[in-house]
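A look at the structure
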Amino acid sequence: MSSLFMQDFPHISALQCYVCTYNNACELKRKQLLPINEAAKQSKEQQFEISKPTVQCRGCKLQFYCSLGHLVADHGHRDICKVLIDLQLSQQIEHPLHLNGKVSFGLRNSISQLMLAVRVKLRRMLTPREVQLIGYPAYCAVCHCLDKLTACTGCAAVAYCSEEHRCWDRVHHTPEVCQTLALYYSPFRMLDGRLEIKDFRQRCDLERSDLVEAFHLATGIRVDSQPWRSIEDYERFAACSSFSGIGSICLALTHISFLAAPHEIVSVYVVGAREKHRRYFQEMHLKFFFLQYPTVCQLDLYFIGHQLQPDAGEEVLTFEFQGCKRTVVKRTFSITFERFAKTHRVDPVLIIIYNPDFGDLDNLTELLVERSYPHAVQQAEQNYYDWRCCLLETLCTYGVPICVTSSTKAQSRSNITGLNLLAKTYDIAVKCAYNGRENPYREILPQRNPCPDDIETIIYDNNYLEVIFTSKKY
């Protein structure tokens with residue numbers, strides 16, 4: 001088995017054969033590296049179908065495969081399978097989801113309890129694939145039955161124990177929902193974004209537009225609603241989604257009476273930055289910014305975050321765009337914003353924080369593990385991070401607009417609550433310029449919510465947007 005196969009790939013449903021879907025993804029990745037004409041020809045010759053697994057892992061009773069051979073070949077499943085077998089034996093239950101009683105008594109509680117138990121037994125954080133397997137197990141979407149399941153042929157994300165229940169669920173499992181789940185579990189999700197857009201045309205009315213429309217006006221490229229039909233369709237879809245980061249900045253600037261003279265430098269701080277946020281600021285995204293704000297000639301980007309790779313230094317990009325010389329300076333600081341503010345002059349036009357977790361919602365299970373089982377994890381494995389000091393320093397940048405995005409409504413409310421509580425403690429006044437509404441420039445690549453108790457099962461990065469100003473109370 002290749003080392004590539006051993007990578008953890010979360011975009012595979014428990015109702016799909018993991019080996020088949022992963023191999024399809026690897027084949028797509030191979031085609032993506034071919035010359036365009038040859039790749040297009042091979043895409044037409046071969047279309048991937050959703051696997052129809054008939055073999056259930058008898059150990060964990062959660063993962064399905066198309067054959068016994070693929071079950072044996074899936075080495076990445078062994079650790080969690082052994083833990084789930086031991087759990088069933090020690091608790092004398094017939095299925096892992098019966099850990100908290102019958103599933104009909106509370107599916108979400110059962111999933112939460114199972115995640116906690118597995119986390120303790122593995123003595124480590126769950127991998128994305130393990131979160132997917134436990135967080136979205138196979139069960140009938142109507143009666144929560146765990147036996148004799150047949151997956152939806154459109155998305156392989158939901159299952160039913162009978163044709164009657166499939167018909168009953170059409171009200172909830174609409175064609176739109178089915179398409180969204182099919183995209184989430186598509187092998188195309190393994191592909192890297194390789195589309196580079198050089199030509200930009202028309203700016204948009206940022207407050208009346210959305211990401212897809214703004215992308216089309218700017219590039220002339222239309223996005224297909226079913227991007228899993230070819231590599232080219234998916235690359236266009238993924239490229240459009242990647243404009244969410246810069247689009248959110250452009251929208252935030254419309255709410256702060258932003259005007260820039262040609263000689264002025266516009267500085268934007270990306271606070272709490274991670275390596276994945278850099279993909280929002282490639283040359284094509286920067287051209288989109290200059291298209292929307294043509295009077296700006298220089299943009300300085302400060303990536304500030306303790307999880308960034310150190311020694312990234314300074315990068316300067318210079319290019320001609322619409323008859324003007326444009327300069328972009330990218331500076332990286334692999335430190336917290338608290339430390340940055342002590343050693344640098346803080347004077348940005350905008351601060352943006354992408355999808356933070358001020359309320360530790362993402363770590364609730366981890367924190368519960370530590371509280372209930374203090375010796376269940378090695379000290380070196382702990383990597384929790386307290387936002388309060390850095391958030392306080394951010395709130396003290398009085399008069400500077402602070403833009404915060406969130407992936408879920410619960411996360412948005414939690415972030416704003418945490419922000420307001422901290423501001424109240426230190427006598428800081430908070431004024432909202434854009435109040436926690438859905439962000440029209442959110443990403444369009446769907447994610448599944450890892451929090452089992454949240455009603456939003458399909459989520460998007462930058463789904464909600466808040467723009468605030470702070471000042472000192474007197």
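Residues numbered from 1 in each chain as written. Predicted model: local features only at pLDDT ≥ 70, side-chain atom pairs only at ≥ 80, totals over all residues. Heavy atoms only, no water.

A closer look at the overall build of the protein
Helix and strand counts for the protein stand at 16 helices and 14 strands. With 474 residues in all, the protein has 51% of them scored as buried. Restricting to contacts in the protein with at least 6 residues of sequence separation, those with at least 24 account for 72%. With the model as given, the accessible surface of the protein reaches about 23200 Å², and the carbon-plus-sulfur share is 50%. (Helix = DSSP H or I, 4+ residues; strand = E, 2+ residues; numbered from the N terminus. Buried < 20%, exposed > 50% of the residue type's maximum accessible area, 1.4 Å probe, protein only. Contact = heavy atoms within 4.5 Å. Areas by Shrake-Rupley, 256 points an atom, 1.4 Å probe, with all protein chains shown as cover.)

Quick notes on the confidence of the model for the protein
Here the protein averages 85 in pLDDT, while 86% of its residues score no lower than 70. Scored below 50 in pLDDT, residues 1-6 shows 15 contacts in the model against residues more than four places distant or in partner chains. Across residues 376-384 the pLDDT falls below 50, and counting only partners more than four positions away or on other chains, this stretch makes 16 contacts in the model. (pLDDT = per-residue confidence, 0-100.)

Let's talk about unusual backbone geometry
The phi dihedral of Lys148 falls on the positive side, at around 50°, and the residue is not glycine. In the Ramachandran plot, Asn355 falls in the positive-phi region, its phi being about 50° despite a non-glycine side chain. Assignment of secondary structure puts Asn355 in the loop between strand 9 (350-353) and helix 14 (364-372). Of the residues examined, Asn355 reaches a relative accessible area of 25% and is grouped as partly exposed.

As for the packing of helix 4 (residues 78-91) against helix 5 (residues 107-122)
Relative to each other, helix 4 and helix 5 sit at 110°, their axes nearing to 10 Å. In terms of orientation, helix 4 and helix 5 fall into the roughly perpendicular class. Handedness of the helix 4/helix 5 crossing: right-handed. Two secondary-structure elements touch here, helix 4 through Asp79, Ile80, Val83, Leu84 and Leu87 and helix 5 through Leu114, Ala117, Val118, Lys121 and Leu122. Here the contact of helix 4 with helix 5 is built from residues that sort into 8 nonpolar, no polar and 2 charged. (Axes fitted to C-alpha atoms, helices over the stretch in contact; angles between N-to-C directions. Parallel < 35°, antiparallel > 145°, perpendicular 65-115°, else oblique. Left-handed = near helix turned anticlockwise from the far one by under 90°. Nonpolar A, V, L, I, M, F, W, Y, C, P; charged D, E, K, R; others polar.)

Focus: the pairing of strand 6 (residues 298-304)
Burial runs high along strand 6: 6 of the 7 residues are buried. With 7 bridges joining them, strand 5 (residues 265-271) and strand 6 adopt parallel strand pairing. Residue pairing for strand 6: Val268 is matched across the bridge by Leu301. A crossover connection joins strand 5 to the parallel strand 6 through helix 12 (residues 283-292); in handedness this β-α-β unit is right-handed. Taken together, the 7 bridges between strand 6 and strand 8 (residues 324-333) define a ladder with parallel strand orientation. (Pairing = 2+ DSSP bridges. Right-handed = clockwise from strand over helix to strand, strands pointing away.)

Brief notes about the pairing of strand 8
With 7 of 10 residues buried, strand 8 lies mostly within the body of the structure. Where strand 7 (residues 314-321) meets strand 8, 8 bridges bridge the pair, whose relative direction is antiparallel. Paired with Leu317 across the bridge in strand 8 is Val328.

Side note on the nonpolar core
The biggest cluster of nonpolar side chains holds 58 residues, and the ones touching the most others in it are Phe200, Phe243, Ile249, Phe281, Phe289 and Leu299. Once residues within four sequence positions are removed from consideration, Leu299 is found in contact with Val266, Val268, Leu286, Phe289, Phe290, Thr327, Val328 and Val329. Listed in part, the 33 residues of the second largest apolar core include Val19, Ala117, Leu133 and Leu146. (Core = buried A, V, L, I, M, F, W, Y, C linked by side-chain atoms within 4.5 Å.)

Describing the pattern of salt bridges
Counted under the stated rule, the structure contains 15 salt bridges. A salt bridge links Arg124 to Glu130; the shortest N-O distance between them is 2.7 Å. According to the relative accessible area criterion, Arg124 is partly exposed, its value standing at 24%. Here Arg345 and Asp347 are joined by a salt bridge, their closest N and O atoms 3.5 Å apart. Assessed through its relative accessible area of 69%, Arg345 is described here as exposed. Overall, Asp347 belongs to the partly exposed group, its relative accessible area being 43%. Where salt bridges share partners, they join Asp300, Glu314 and Arg331 into one cluster. (Salt bridge = Lys/Arg side-chain N within 4 Å of Asp/Glu carboxyl O.)

Quick look at the packing of aromatic side chains
Within a pair of aromatic rings, the relevant descriptors are the distance that separates the centres and the angle that separates the planes. Enumeration according to the criterion identifies 19 aromatic pairs in this entry. Where Phe333 meets Phe340, the ring centres are 4.9 Å apart and the plane angle is 70°; that geometry is what we call edge-to-face. Classification of Phe333 as buried rests on a relative accessible area of 17%. Through successive ring pairs, a cluster of aromatic residues spans Phe200, Phe215, Phe243, Phe288 and Phe321. Of note, Arg278 hangs over the ring of Phe303, and the distance from its end group to the ring centre comes to 5.3 Å. (Phe/Tyr/Trp six-rings, centres within 6.5 Å; stacked < 30°, edge-to-face > 60°. Lys NZ or Arg CZ within 6 Å of the ring centre and 35° of its normal.)

Some points on helix 1 (residues 18-32)
Given a rise of 1.5 Å per residue, 15 residues ought to cover 21 Å, and the 21 Å separating the end C-alpha atoms of helix 1 matches this to within 8%. Among all positions of helix 1, only Tyr18, Val19, Cys20, Thr21, Tyr22, Ala25, Cys26, Leu28, Lys31 and Gln32 are buried. (Expected span 1.5 Å × (residues − 1).)

Here's the deal with helix 10 (residues 231-242)
Here helix 10 spans 16 Å end to end across 12 residues, near enough to the 16 Å set by a 1.5 Å rise per residue. Where burial is concerned, most of helix 10 is hidden: 10 out of the 12 residues are buried.

Comments concerning the state of the cysteines
Disulfides are covalent bonds that connect the sulfur atoms of two cysteines. For the coordinates displayed, the defined rule picks out 0 disulfides. No disulfide involves Cys143; its sulfur sits 3.6 Å from that of Cys161, the nearest cysteine. (Disulfide = S-S within 2.5 Å.)

A closer look at the packing of helix 15 (residues 388-395) against helix 16 (residues 409-425)
Contact pair helix 15 / helix 16: the axes reach a minimum separation of 10 Å and the direction vectors enclose 70°. The angle between the axes of helix 15 and helix 16 places the two elements in the roughly perpendicular class. Between helix 15 and helix 16, the residues in contact are Arg388, Leu391, Leu392 and Leu395 and Leu419, Leu422 and Ala423, respectively. Tallied by class, the residues present in the contact of helix 15 with helix 16 amount to 6 nonpolar, no polar and 1 charged.

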